[in-house]
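Inside the fold
Residue-level listing of the chains:
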Amino acid sequence: MSFSARYFGLTGGIASGKSTVAAMLRDLGAHIIDADKIGHEMLVSKSPAYPELVAAFGRGILDSAGRVDRRKLGPVVFSDPAKLQQLNCIVHPLIIERISQLAAQHCSQNQGAVVVVDAALIYETGIPGRFVKTIVAWCRPEQQVERLIAKTGLSREEAEQRIGSQMPAEEKRRRADFVVDCSGSLEETCRQVEDLYPVLKHLANGD
């Protein structure tokens, strides 16, 4: 797969505001590729990852219809770094391949389009070099914990465990080409995204 297509990476810690930034970019005209959605596709029985997942983690991760249940898989992998690494080794290569296909296809059909890959683990998987630039959605760590609890109903311990399984937010912020600070109001976040979009458009055109 050639990576000559010009597309961008959007990342950030869980519950950091990344999805909000992605939606704002979409409203401005960007084409968003949702890595999490692609990850869901890797859990269905027809996926090439499915047999490996069942072999690695057992049939206890399946629901009554034989599908991988993320609610059952989550506690298994987030409580054991070795198992989380095993999961990532199974699904990440397939996710990256599919993202690359979709991004290249859209870029070739829409010259100068702003194509953004919305992915939580860009830095953890070592793929930032595949993007023209990377954007990090950031908020204060305590906000991140509170937002995750409110969003999922997890306990504080579980929320901190999931956040701890990812690269620290400050490290992602340090590595970013662009940072969108999501710690304030939606209006403040929106203003930052509106300022950023013309820059992305300029870069997408190779200027």
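Here the residue numbering is sequential within each chain, running from 1 through the sequence in written order. Local features are withheld for residues below a pLDDT of 70 in this predicted model, meaning they are given only at 70 or higher, and side-chain atom pairs are given and counted only at 80 or more; totals for whole chains, interfaces and linings count all residues. Side-chain measures were taken over the full set of non-hydrogen atoms in the model, leaving aside hydrogen atoms and water.

1. Points about the pairing of strand S4 (residues 134-138)
- Across the five residues of S4, five count as buried, placing the element largely inside the fold.
- By the alternation rule, side chains of S4 split into Thr 134, Val 136 and Trp 138 and Ile 135 and Ala 137, which are all buried.
- For two strands to be treated as a pair, DSSP must find no fewer than two bridges joining them. Strands here mean DSSP runs of E at least two residues long; helices mean DSSP runs of H or I at least four residues long; both are numbered from the N terminus. Sheet analysis places strand S1 (residues 8-11) next to S4, joined by three bridges and oriented parallel. When the sheet's bridge partners are listed, Gly 9 is paired in S4 with Thr 134.
- Pairing of S4 with strand S5 (residues 178-181), which is carried by four bridges, proceeds in the parallel orientation. Looking at the pairing, Ala 137 lines up with Val 180 of S5. Burial status follows relative accessibility: with a 1.4 Å probe on protein chains alone, a residue under 20% of its type maximum counts as buried, one over 50% as exposed, and anything between as partly exposed.

2. Examining the packing of aromatic side chains
- A pair of aromatic rings is counted whenever rings of Phe, Tyr or Trp (Trp by its six-membered ring) have centres within 6.5 Å, and the orientation is called stacked for planes under 30 degrees apart, edge-to-face for over 60 and tilted otherwise. Scanning the entire structure with this criterion turns up one aromatic pair.
- A ring pair is formed by Tyr 7 and Phe 131, whose centres lie 5.6 Å apart and whose planes are at 85°; its orientation type is edge-to-face. Here Tyr 7 is found in the segment before S1, whereas its partner Phe 131 is found in the loop between strand S3 (115-118) and S4, with 124 residues between them in sequence.
- Accessibility expressed as a relative area gives 2% for Tyr 7, which makes it buried.

3. Topic: the pattern of salt bridges
- Note on definitions: salt bridges are taken to be side-chain nitrogens of Lys or Arg within 4 Å of carboxyl oxygens of Asp or Glu. Here the structure, examined in full by the defined rule, presents eleven salt bridges.
- Among the ionic pairs, Glu 171 bridges to Arg 175, the shortest N-O distance being 2.9 Å. Note that Glu 171 and Arg 175 are positioned in helix H8 (residues 169-175) at a spacing of four residues, about one turn of the helix.
- Connected via shared salt-bridge partners are Glu 142, Glu 146, Arg 156 and Glu 160.

4. Quick notes on the side chain of His 92
- Counting through the fold element by element, His 92 comes out in helix H5 (residues 81-109).
- By definition in these notes, contact holds between two residues if any of their heavy atoms fall within 4.5 Å. When near neighbours in sequence (up to four residues on either side) are disregarded, His 92 contacts Leu 121 and Thr 125.

5. Notes on the sheet that holds S1
- Sheet architecture is open: five strands sit in the order S2-S3-S1-S4-S5, paired in parallel fashion. Since the sheet does not close on itself, it has two edges, and those belong to strand S2 (31-34) and S5, each with one partner. Pairs of neighbouring strands in the sheet enclose a mean axial angle of 25°, with direction left out of account.
- Only C-alpha atoms enter the line fits that serve as axes; for helices the fit covers just the stretch in contact. Angles between N-to-C directions range over 0 to 180 degrees. Relative to the sheet, helix H1 (residues 18-28) contacts S1, S2, S3, S4 and S5, its axis offset from that of S1 by approximately 140°.
- Contacting S1, S4 and S5, helix H9 (residues 186-204) runs over the sheet at an angle of about 160° to S5.

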